[in-house]
Amino acid sequence: MADAPTASPPPSPAQKAMRKLGLVRDIDLALHLPLRYEDETRIVRLADAREGDTAQIEGTVVDSEVTFRPRKQLLVKLDDGSDVCTLRFFSFYPSHQKALAVGARIRARGELRGGFLGWTMMHPSFRVAGGELPNALTPVYPTSAQLPQAYLRKAVLSGLRRADLSETLPPDALRDLPGRETRGWTLRDALQYLHHPTSDVSLAALEDQSHPAWQRLKAEELLAQQLSQLTAKRARDALRAPPLSTRPGGLHERLLAALPFALTGAQRRVGEEIAHDLARAVPMHRLLQGDVGSGKTVVSALAAAIAIDSGWQCALMAPTEILAEQHFAKLVGWLEPLGITVAWLTGSQKTKQKREMLAQVESGAAQLVVGTHAVIQDKVKFKNLALAVIDEQHRFGVAQRLALREKMSEGGQEPHMLMMSATPIPRTLAMSYYADLDVSTIDELPPGRTPIVTKLLSDSRRDELIERIAGQLAQGRQVYWVCPLIEESEALDLSNATATHAELSDSLPGVMVGLLHSRMPVAEKKAVMALFTEGVMGVLVSTTVIEVGVDVPNASLMVIEHAERFGLSQLHQLRGRVGRGAAASACVLLYSTPDGGRLGETARERLRAMADTHDGFEIARRDLEIRGPGEFLGARQSGAPLLRFADLATDTHLLEWARAWAPLMLDRHAGLAQRHTERWLGGKSDYLKA
Ligand code: ADP
Ligand code: MG
C-alpha cells in the first residue's frame, strides 16, 4: 500500500477508468492479469506461414491504392521477400495512407488468410519496421473503453515493479501446497511470468490456467478468502446473544403437537441443530437450505416458538409482499391459537394500521413480527429481538441483513440469525463462500408429494398445450403460466405477459384468467393472488413474481414460456410451485427459437437436464457449472467479491488446502495472515460482516 496519491491534480479519464476497475494500489495492478497474449516476439516468413495463423510479418510496401469496389477500401501490398500479402482496410485515415506509402518498411500483425488471390490480412495492426523484437509475449489486459491498452500496460508494469510481493505463506503451508511444480513458484515469479511469459510457453496451459504459476496464484487467492471469512467467524464468536431454550410443556412442544402433520426426519434433525445453536450465548449464524417445498417455514416457526417461549421477540423477513403474506397467514394459523400475537409490517400498509403494528412491536405485545423490508426500517423498534429469520436470504443485500442484526443492540448483544434458501448451495460453494456460516440441510420432502412430470415443448405447439390446459381446468385443477423477466426491458417483459394473458383469456372462454406482474399496485396483486388461492381463478399468468414460496396445492400444471431464458435453479423453483397436492402434476417448458427451428444444443441439454432430474442439489451443481457462482450468492446485491482466478468446480484441491491452512495460519502466523488478506482483499472485506 505504497501509493496514496500525494499531490493531486484532477484525475485523467484513464485514471478514473483505472479506479473504476478497482486498480488503485500497486498490488491491484500487479494482480490485474492478462486476458490473453499476443506474440510479437517473432516475425514469420510468409513462405512458412499457415493459413489462419495470427502472425507478425515484415516487409516493404510495393503497392498502395484506394479502390471503390465492392466498397471503399485501402489495399496495401506488402512484400517480405518470400511472398506478398495484401493488407485490407475498410476504414482508414489519410495518415494510414501516408504511413503505408510505397517503399515504406512495415511490420504488420493479424490473421493470415490464404486463398485464391494470395495472402491477405484484414485490418492488421501495423507499425514502422525496425526496433528490437520483444522477448516476452505481449499481454492483453481486460480494460474499458476509456483506458487504452498501452496506458494500462505501462501502469501494470510499474505497479508490478513497485508492489510489495514478499512471501506471506509460512514455510509449512508452502511445503503442503498441492502440486510439486506449484511449490517452486513464488508469488513474485508467478506474477512476473503471467504478465510477461516467454514465447516458448504452452499457451494452452496459460489459457486454461493449469500452469503452475496460475495454480500458485489461485491458491493464494483462496487462502485470502478463507482467512478473511475465518476472521469474521471468530469475531462473531466473540459476540453475545441471549441463550434460548425449550422447556417441557413449553410453546415449542405445544406447537409440535398442534401441527396437522408430523415432521419429516430431516425437519427434526435441522430443528435440533437450530435449537442447539439457540441455546448458546453466541449468536447463531445458520443457513437453512432445503429444496422447494421441503418445509422450511415450519422449522422457522418452531425456532420462533423457542425464542418467544423464553420471553423474546422474533422477526421474519421475506423478499416479496406476497411471500411475506403467505408466511403471515401460515404463522398466524399455527401460533395464534396458542396465544401468540403476530404483527404484520409492510410498505403498502395504511398509516393507521402501521402505527398500531409499530406500537405492538415496540411494547413487546407482538411476539412475532412478519413482513417485507419494512421490518428493517428505522422507525421499527423492537422491545427485545432475539431471533431474526430471513427467508430467501440471497434476495437480500448485505446492508439489509446487517440492519436486521442491528435491531437488537441491548447490552451489546446480537440476535440469532436463521437464513433460509431454497436454492441449495453446492458443497464447494458453501465451503468457500460460507466458511463463516453453519449450514443445515433438509434433504427430504414431506410424504405424499406426487412427482412432477417435466416436458419440453416447442412454442409452435402452443395450441395443443392450450387444449390440454382446458382439459386440466375441466377437472377442477389450476394452472400457472409464467413469462420471463427480460432484464433490459421491463416494458417488453410486461408486453409478453399481457399478450399471453389476452391470448389465454380468448382461447379459454368461461375461465377466469388472471395477470400478475411486479409493477402492479400491491392491493391489486393481493386481490389476484387471493382469487387464485381460493380456487376461483383457473389460470394465473405472471412474470417471475411467483417464483418464491407461493403455495397453492390445487395448482397442478406449470407452464414456463421462453424456458430457454431462465437459469436452471430458477426453473426448478418455478416448477416447485406445483406437485404440492395429491394430484399428478406437470411442468411444461415452452421454448422458442428465433427462426422457429430447433433449439441450440447447449440450450437443449440444459432444458433436458431439468426434465431428467428433480434433485435441487444436482440442478444447482449443473447451474454452477454453466453460470458460475454469482447466481447463488446474489452477488450483485451483496457486492461479495467473487473469486477472480480460482474456479470452484476445478480447483477443489487448492480450496481444501486453503481451508486446512487458514486456521493454522491465523493461530501461528497472525502477522503473515493479516498481510496476506490485506494484499488480496484490501478494503473489500466489508461484506464478510453479514
Ligand atoms: P419451503 O421449504 O419451500 O419453504 P414450505 O415451508 O412452504 O416449503 O412447505 C411446503 C408445504 O408443505 C406447506 O404447505 C407446508 O405446510 C407443508 N409441510 C411442511 N412440512 C410438512 C410435513 N412434515 N408433512 C406434510 N406437509 C408439510
Ligand atoms: Mg419457503
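In what follows, the structure referred to is the one given above.
Residues numbered from 1 in each chain as written. Chains lettered and ligands numbered in written order. Predicted model: local features only at pLDDT ≥ 70, side-chain atom pairs only at ≥ 80, totals over all residues. Heavy atoms only, no water.

Asks: I'm lost on the environment of Arg247 in this one. Help?
Replies: If you trace the backbone, Arg247 turns up in the loop between helix H9 (212–237) and helix H10 (251–258). Looking at Arg247, the relative accessible area reads 45%, which means it is partly exposed. Counting along the chain gives 63 residues from Arg247 to Ser310, while the straight-line C-alpha distance between them is 9.0 Å. Residues contacting Arg247, with those up to four places away along its chain left out, are Glu253 and Asp309. (Helix = DSSP H or I, 4+ residues; strand = E, 2+ residues; numbered from the N terminus. Buried < 20%, exposed > 50% of the residue type's maximum accessible area, 1.4 Å probe, protein only. Contact = heavy atoms within 4.5 Å.)

Asks: Sorry, what's going on with the sheet that holds strand E10 (residues 313–317) here?
Replies: Either a parallel or an antiparallel arrangement is found when strands of a sheet pair, and the pairing is made through backbone hydrogen bonds. Within the open sheet, the seven strands sit side by side as E11-E12-E10-E13-E14-E9-E15. Their pairing is parallel. Edge positions in the sheet fall to strand E11 (342–345) and strand E15 (438–442), since each of these pairs with one other strand and no more. Strand-to-strand twist of the sheet, defined as the mean angle between neighbouring strand axes without regard to direction, takes the value 20 degrees. Bridge count for E10 against strand E13 (residues 385–390) is five bridges, and the pairing is parallel. Bridging across to E13, Ala315 finds its partner in Ala388. (Pairing = 2+ DSSP bridges. Axes fitted to C-alpha atoms, helices over the stretch in contact; angles between N-to-C directions.)

Asks: Can you walk me through the site of ligand 1 in this structure?
Replies: Of all residues adjacent to ligand 1, which total 17 residues, the nearest are Gly293, Lys296, Thr297, Arg449 and Asp551. Contacts to ligand 1 include Ser294, whose backbone N or O atom sits 3.4 Å from an oxygen atom. Contacts to ligand 1 include Lys296, whose side-chain N or O atom sits 2.7 Å from an oxygen atom. In the complex, the protein chains occlude 85% of the 570 Å² of accessible area that ligand 1 would expose alone. Of the residues assigned to the shell around ligand 1, the class counts are five nonpolar, six polar and six charged. (Near = heavy atom within 4 Å. Polar contact = N/O pair within 3.5 Å; in protein donor to acceptor, adjacent residues only side chain to side chain. Areas by Shrake-Rupley, 256 points an atom, 1.4 Å probe, with all protein chains shown as cover. Nonpolar A, V, L, I, M, F, W, Y, C, P; charged D, E, K, R; others polar.)

Asks: Whenever I open this one, the side chain of His416 confuses me. Can you help?
Replies: Of note, His416 is situated in strand E14 (residues 416–421). Its relative accessible area of 0% is what places His416 among the buried residues. Among residues more than four places away in sequence, those in contact with His416 are Ala241, Pro242, Leu244, Asp277, Leu278, Arg280, Val282, Pro283, Met284, Ala386, Leu387 and Ala388.

Asks: Please clarify how the packing of H9 against helix H25 (residues 652–668) should be interpreted in this entry.
Replies: In a packed pair of helices, the relevant descriptors are the angle between the two axes and the axis-to-axis distance. As a packed pair, H9 and H25 sit with axes 8 Å apart at the nearest point and diverge in direction by 50 degrees. By the criterion of interaxial angle, the relationship of H9 to H25 is oblique. Of the two elements, H9 crosses H25, and the hand of that crossing is right-handed. Between H9 and H25, the contacting residues are Gln215, Lys218, Ala219, Leu222, Leu223, Gln226, Leu227, Leu230, Thr231 and Arg234 on the first element and His653, Leu654, Leu655, Trp657, Ala658, Arg659, Trp661, Ala662, Pro663, Met665, Leu666 and Asp667 on the second. Here the residues of the contact of H9 with H25 sort into 14 nonpolar, four polar and four charged. (Parallel < 35°, antiparallel > 145°, perpendicular 65-115°, else oblique. Left-handed = near helix turned anticlockwise from the far one by under 90°.)

Asks: Is there a simple way to explain the pairing of strand E17 (residues 478–482) in this structure?
Replies: Each regular strand carries side chains that alternate between the two faces of the sheet. By the criterion of burial, E17 is predominantly enclosed, with five of the five residues buried. Burial along E17 is two-sided: Gln478, Tyr480 and Val482 and Val479 and Trp481, pointing in opposite directions, are all buried. Direction of pairing for E17 relative to strand E20 (residues 555–560): parallel, over a ladder of five bridges. For Tyr480, the partnering residue across the bridge sits in E20 and is Met558. As paired elements, E17 and strand E19 (residues 539–542) share four bridges and run parallel to each other. Pairing of Tyr480 across the sheet is with Leu540, part of E19.

Asks: When you look at helix H21 (residues 601–612) in this model, what are you seeing that I'm missing?
Replies: Counting along an α-helix, one turn takes 3.6 residues, and residues three or four places apart therefore face a common direction. Relative to the 16 Å expected for twelve residues at 1.5 Å per residue, H21 spans 16 Å between its end C-alpha atoms, a close match to the ideal helical length. The complete set of buried residues in H21 reads Arg604, Arg606, Leu607, Ala609 and Met610. (Expected span 1.5 Å × (residues − 1).)

Asks: I'm lost on the packing of aromatic side chains in this one. Help?
Replies: Aromatic rings in a pair are described by how distant their centres are and how their planes are angled relative to each other. Taken as a whole and judged by the stated rule, the model has six aromatic pairs. Note on Trp185 and Tyr193: the rings are 5.2 Å apart at their centroids and 65 degrees apart in plane angle, and the pair reads as edge-to-face. Comparing Trp185 with Tyr193, the two get one shared label, buried. Consider the rings of Tyr480 and Phe532, whose centres lie 5.0 Å apart with planes at 50 degrees: the pair is tilted. Of the two residues, Tyr480 is situated in strand E17 and Phe532 in helix H19 (residues 522–533); the sequence distance between them amounts to 52 residues. Of the two residues, Tyr480 and Phe532, neither departs from the other in class, the shared state being buried. Aromatic rings pair up to connect Trp214, Phe645 and Trp680 into one cluster. Lying across the ring of Phe90, Arg71 places its NZ or CZ 4.2 Å from the centre. (Phe/Tyr/Trp six-rings, centres within 6.5 Å; stacked < 30°, edge-to-face > 60°. Lys NZ or Arg CZ within 6 Å of the ring centre and 35° of its normal.)

By themselves, these figures tell us nothing about what the structure is for.
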